[in-house]
Amino acid sequence: LKSRKGKKVVIGRDARPSGEMISQLVASTLQCLGLHVIDLGLSTTPTVEIAVPKEKASGGIILTASHNPAKYNGIKLCKSAARPIGQDTGLRRIRDLIVEGVPISLRPLGKGVEKDMLSEYVDFLLSLFGPDLTSAQRRLKVVIDAGNGMAGHTAPAVMDRLNVEVIPMYFELDGTFPNHEANPIDPANVADLQKAVKK
């Protein structure tokens, strides 16, 4: 990010207990490096990815461990235009910088602002489907198991714009995932959802 021309970075985090602390650490470190931070707070990976080009940022950081258990956390990175960073597009360089060390240089501190992008995220999602989705005549009944994760934050905003009756399950944000792990690939984690759909 330091090597890019822009000076803005978008950051966001999921609801894991360690997320807020790590987010503050990442934001203050970036500002000490002279970068301006746009902090989305609680957000999904796609929200950060749409915010990066919208804000003309050099890149984005989302603090999440995806479907891993609550005790984990991690960092996903993207470049401008939300291009992913992989082994050949930056991760090797990051590894080398960690091993070699990065020289400290005095520079003006970057600024930090907080921004809510939830409505823009919903607009983006709905734009992918066109007006047929939002003007559907048949009212659907849908059970959504948010698993105490970020879907509990985003699903209500999306569903409010559709002709849908939502039966919510575990919408309360709780990054300890008290009802089941956040991994929907494990059949045990969708058992409650399956029962609710049948009911």
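Residues numbered from 1 in each chain as written. Predicted model: local features only at pLDDT ≥ 70, side-chain atom pairs only at ≥ 80, totals over all residues. Heavy atoms only, no water.

Student: It is not clear to me how the overall build of the protein chain should be interpreted in this structure. Could you clarify?
Tutor: Looking only at helices and strands, one finds seven helices and seven strands in the protein chain. Listed N to C, the secondary structure of the protein chain is β-α-β-α-β-β-α-β-α-α-β-α-β-α in terms of helices and strands. Its C-alpha atoms give the protein chain principal-axis dimensions of roughly 60 × 35 × 30 Å. Counting across all 199 residues of the protein chain, residues that qualify as buried make up 35%. About 12,100 Å² of surface is accessible on the protein chain, with carbon and sulfur atoms providing 58% of the total. Separation of charge centres in the protein chain, based on 26 positive and 21 negative side chains, amounts to 7 Å. (Helix = DSSP H or I, 4+ residues; strand = E, 2+ residues; numbered from the N terminus. Buried < 20%, exposed > 50% of the residue type's maximum accessible area, 1.4 Å probe, protein only. Areas by Shrake-Rupley, 256 points an atom, 1.4 Å probe, with all protein chains shown as cover. Lys, Arg positive; Asp, Glu negative; His and termini not counted. Charge placed at Lys NZ, Arg CZ, Asp CG, Glu CD.)

Student: Just to check I follow, could you spell out the environment of Pro69 for this structure?
Tutor: Its place among the elements puts Pro69 in the loop between strand E3 (59-63) and strand E4 (75-79). In sequence terms Pro69 and Asp174 are 105 residues apart; their C-alpha atoms lie 12 Å from each other.

Student: How should the pattern of salt bridges be read in this particular structure?
Tutor: A pair can form between side chains of opposite charge whenever their charged atoms are brought close. With the rule as written, the count across this model stands at six salt bridges. Among the ionic pairs, Arg16 bridges to Asp14, the shortest N-O distance being 3.0 Å. In this structure, Arg16 and Asp14 share a single accessibility class: buried. (Salt bridge = Lys/Arg side-chain N within 4 Å of Asp/Glu carboxyl O.)

Student: Quick question: what am I supposed to make of helix H1 (residues 19-32) here?
Tutor: Taking 1.5 Å per residue, 14 residues should reach 20 Å; H1 reaches 20 Å between its end C-alpha atoms and fits that length. Of the positions making up H1, those classed as buried are Gly19, Ser23, Val26, Ala27 and Leu30. With its buried residues spanning 100 degrees around the axis, H1 presents them on a single face. Among the exposed residues of H1, those pointing more than 90 degrees away from its buried face are Met21, Gln24 and Leu25. In this fold, the buried residues of H1 make contact with strand E1 (8-13), strand E2 (36-42) and E3. (Expected span 1.5 Å × (residues − 1). Arc of directions from axis to C-beta. Contact = heavy atoms within 4.5 Å.)

Student: Would you mind showing me how to read the nonpolar core here?
Tutor: Note on soluble globular proteins: their nonpolar side chains tend to be buried together. Of all hydrophobic cores here, the largest spans eleven residues; its members are Val10, Ile38, Leu40, Val48, Ala51, Val52, Ala57, Ile62, Cys78, Ala82 and Met117. Elements represented by at least two residues in this core include exactly E2 and helix H2 (45-54). With three residues, H2 is the single largest residue contributor to this core. The contacts of Ile38, once residues within four sequence positions are left out, are Lys8, Val9, Val10, Ile11, Glu55, Val113 and Lys115. (Core = buried A, V, L, I, M, F, W, Y, C linked by side-chain atoms within 4.5 Å.)

Student: Would you explain the sheet that holds strand E5 (residues 112-114) in this entry?
Tutor: In sheet architecture, strand pairing relies on hydrogen bonds along the backbone and comes in two forms, parallel and antiparallel. Strand order in the open sheet formed by five strands is E4-E3-E1-E2-E5, with mixed pairing between adjacent strands. Among the strands making up the open sheet, the edge pair consists of E4 and E5. The mean angle between the axes of side-by-side strands here comes to 20 degrees, regardless of whether they run parallel or antiparallel. As paired elements, E1 and E3 share five bridges and run parallel to each other. Counterpart to Gly12 in the pairing with E3 is Ile62. Here H1 sits on the sheet and contacts E1, E2, E3 and E5; the angle it forms with E1, its principal contact strand, is near 170 degrees. (Pairing = 2+ DSSP bridges. Axes fitted to C-alpha atoms, helices over the stretch in contact; angles between N-to-C directions.)

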